[in-house]
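Single-letter residue listing:
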Amino acid sequence: MRGERMKIKVRSNVGRKRSSNQDYADYFTNQHQQVLFILCDGVGGHQAGDVASKQTTQFLGERFVQTEEKFDLTNIQTWLKEQIEAVNLYIYETSKSESQLEGMGTTLVAGIVVEDQLVIVHVGDSRAYVYKEGQLRQVTEDHSLVNVLIKTGEITKEEGQMHPQRNVVTQSIGVTPDVEAESNLIPLEQVEMLMLCSDGLTNMVEDAQLLEMFNQDRLADDFPEKLIEAANNAGGTDNITVILASEFSNEEVSA
């Protein structure tokens, strides 16, 4: 995949039940042609989740673009940790300073290719998946109440899909003054395609259907729209946002 032109698609949809879109996603390229993907989902039930998701994405993206150093596997993990702590405090303090923004928060999932690794970092229940040779693998673990219940054996994964509190996250950006992001390294040789997504997709479309869609449609120009359509056809109870990236290279990108 080295030397080829990276393909990136970002799509977001309000869904069929929500009146506003609290998701926000974008990607940013620094002067060394490294690309940072960011997807945020304003925490459901809180005010101004759309503000939190957009500000978090732009805060991290602007700092990434302004940083002059070329990232390697050591400094990128340190940088991500520091910047996530910084944006968390920024969103938290902003929510305290403006009454209409009180309690706002957002999930975060971000990815960047550095050297021969895909670095993924997340807070909350927005997910990262990697696809390779007919296998679709979730590489993040939800910071959610339902995931805690699944891990402790109180409910099954299938029951979690329909749990009334499946949107409750155990941590998010901006709700408390401290946050602890989780990071993962995936060898680039294991990645044909990366998908970052909000739970508006994964709460509606089960992994088996996602895998079938990847196997059949991943090369289609309208693949992200097909994913959104599947979520909406299943009920579209939440905003739906996806970032798809493939043909990874640090040299150049194409939308």
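Residues numbered from 1 in each chain as written. Predicted model: local features only at pLDDT ≥ 70, side-chain atom pairs only at ≥ 80, totals over all residues. Heavy atoms only, no water.

Residues Leu36, Ile38, Ile76, Leu108 and Ile173 are the most contacted members of the largest nonpolar core, which totals 27 residues. Where this core is concerned, the elements lending two or more residues are strand 3 (35-41), helix 1 (49-66), helix 2 (73-97), strand 4 (108-114) and strand 5 (117-123). Of the residues forming this core, the biggest block, 6 residues, is contributed by helix 2. Residues contacting leucine 36, with those up to four places away along its chain left out, are Asp26, Tyr27, Phe28, Leu60, Phe64, Trp79, Leu80, Ala110, Gly111 and Ile112. Judged by nonpolar contacts, the second largest core, of 22 residues, contains Tyr27, Ile186, Val191 and Leu196. (Core = buried A, V, L, I, M, F, W, Y, C linked by side-chain atoms within 4.5 Å. Buried < 20%, exposed > 50% of the residue type's maximum accessible area, 1.4 Å probe, protein only. Helix = DSSP H or I, 4+ residues; strand = E, 2+ residues; numbered from the N terminus. Contact = heavy atoms within 4.5 Å.)

It is worth spelling out the packing of helix 6 (residues 207-217) against helix 7 (residues 223-233) at this point. Where helix 6 meets helix 7, the axes come as close as 11 Å, and the angle between the chain directions of the two elements is 155°. Compared by their axis directions, helix 6 and helix 7 come out roughly antiparallel. Crossing of helix 6 against helix 7: the hand is right-handed. In this structure, helix 6 uses Gln209, Leu210, Met213, Phe214 and Asp217 to contact helix 7, whose residues at the interface are Phe223, Lys226, Leu227 and Ala230. Its residues placed into classes, the contact of helix 6 with helix 7 shows 6 nonpolar, 1 polar and 2 charged. (Axes fitted to C-alpha atoms, helices over the stretch in contact; angles between N-to-C directions. Parallel < 35°, antiparallel > 145°, perpendicular 65-115°, else oblique. Left-handed = near helix turned anticlockwise from the far one by under 90°. Nonpolar A, V, L, I, M, F, W, Y, C, P; charged D, E, K, R; others polar.)

The next subject is helix 7. Of all the positions in helix 7, only Phe223, Pro224, Leu227, Ile228, Ala230, Ala231 and Asn232 are classed as buried. Taken together, the buried residues of helix 7 touch strand 1 (6-13), strand 9 (193-197), helix 5 (199-202), helix 6 and strand 10 (240-246). Looking one or two places after helix 7, you find glycine 235, whose phi comes out positive at around 135°.

Moving on to helix 6. Residues spaced three or four apart along an α-helix face the same direction, because each turn holds 3.6 residues. All of the buried residues along helix 6 are Leu210, Met213, Phe214 and Asp217. For helix 6, the buried positions fall inside an angular range of 105° around the axis, keeping them on one side. Facing away from the buried side of helix 6, by more than 90 degrees, are the exposed residues Ala208 and Gln216. (Arc of directions from axis to C-beta.)

Take the environment of leucine 211 next. Within the secondary structure, leucine 211 sits in helix 6. Look at leucine 211 and you get partly exposed, because its relative accessible area is 25%. Linking leucine 211 and leucine 136, residues 75 residues apart in sequence, is a C-alpha distance of 5.8 Å. Among residues more than four places away in sequence, those in contact with leucine 211 are Tyr131, Gly134, Gln135 and Leu136.

The next point concerns the packing of helix 1 against helix 2. Packing of helix 1 against helix 2 brings their axes to within 10 Å, and their N-to-C directions diverge by 140°. By the criterion of interaxial angle, the relationship of helix 1 to helix 2 is oblique. The handedness of the crossing between helix 1 and helix 2 comes out as right-handed. In this structure, helix 1 contributes Ala52, Gln55, Thr56, Phe59, Leu60, Arg63 and Phe64 to the contact, and helix 2 contributes Trp79, Gln83, Ile84, Ala86, Val87, Tyr90, Ile91 and Thr94. Considering only residue class, the contact of helix 1 with helix 2 consists of 10 nonpolar, 4 polar and 1 charged.

Next up on the list: the packing of aromatic side chains. All told, the structure shown has 6 aromatic pairs when counted by the stated rule. Each member of the aromatic cluster is reached from another via a ring pair, and the members are Phe64, Phe71 and Trp79. (Phe/Tyr/Trp six-rings, centres within 6.5 Å; stacked < 30°, edge-to-face > 60°.)

To continue, consider the pairing of strand 4. A large share of strand 4 lies buried, amounting to 7 of its 7 residues. The side-chain alternation of strand 4 yields two buried faces, one formed by Leu108, Ala110, Ile112 and Val114 and the other by Val109, Gly111 and Val113. Counting the residues in the hairpin turn of strand 4 and strand 5 gives 2 residues, including glutamate 115, whose phi is positive at 55°. (Pairing = 2+ DSSP bridges.)

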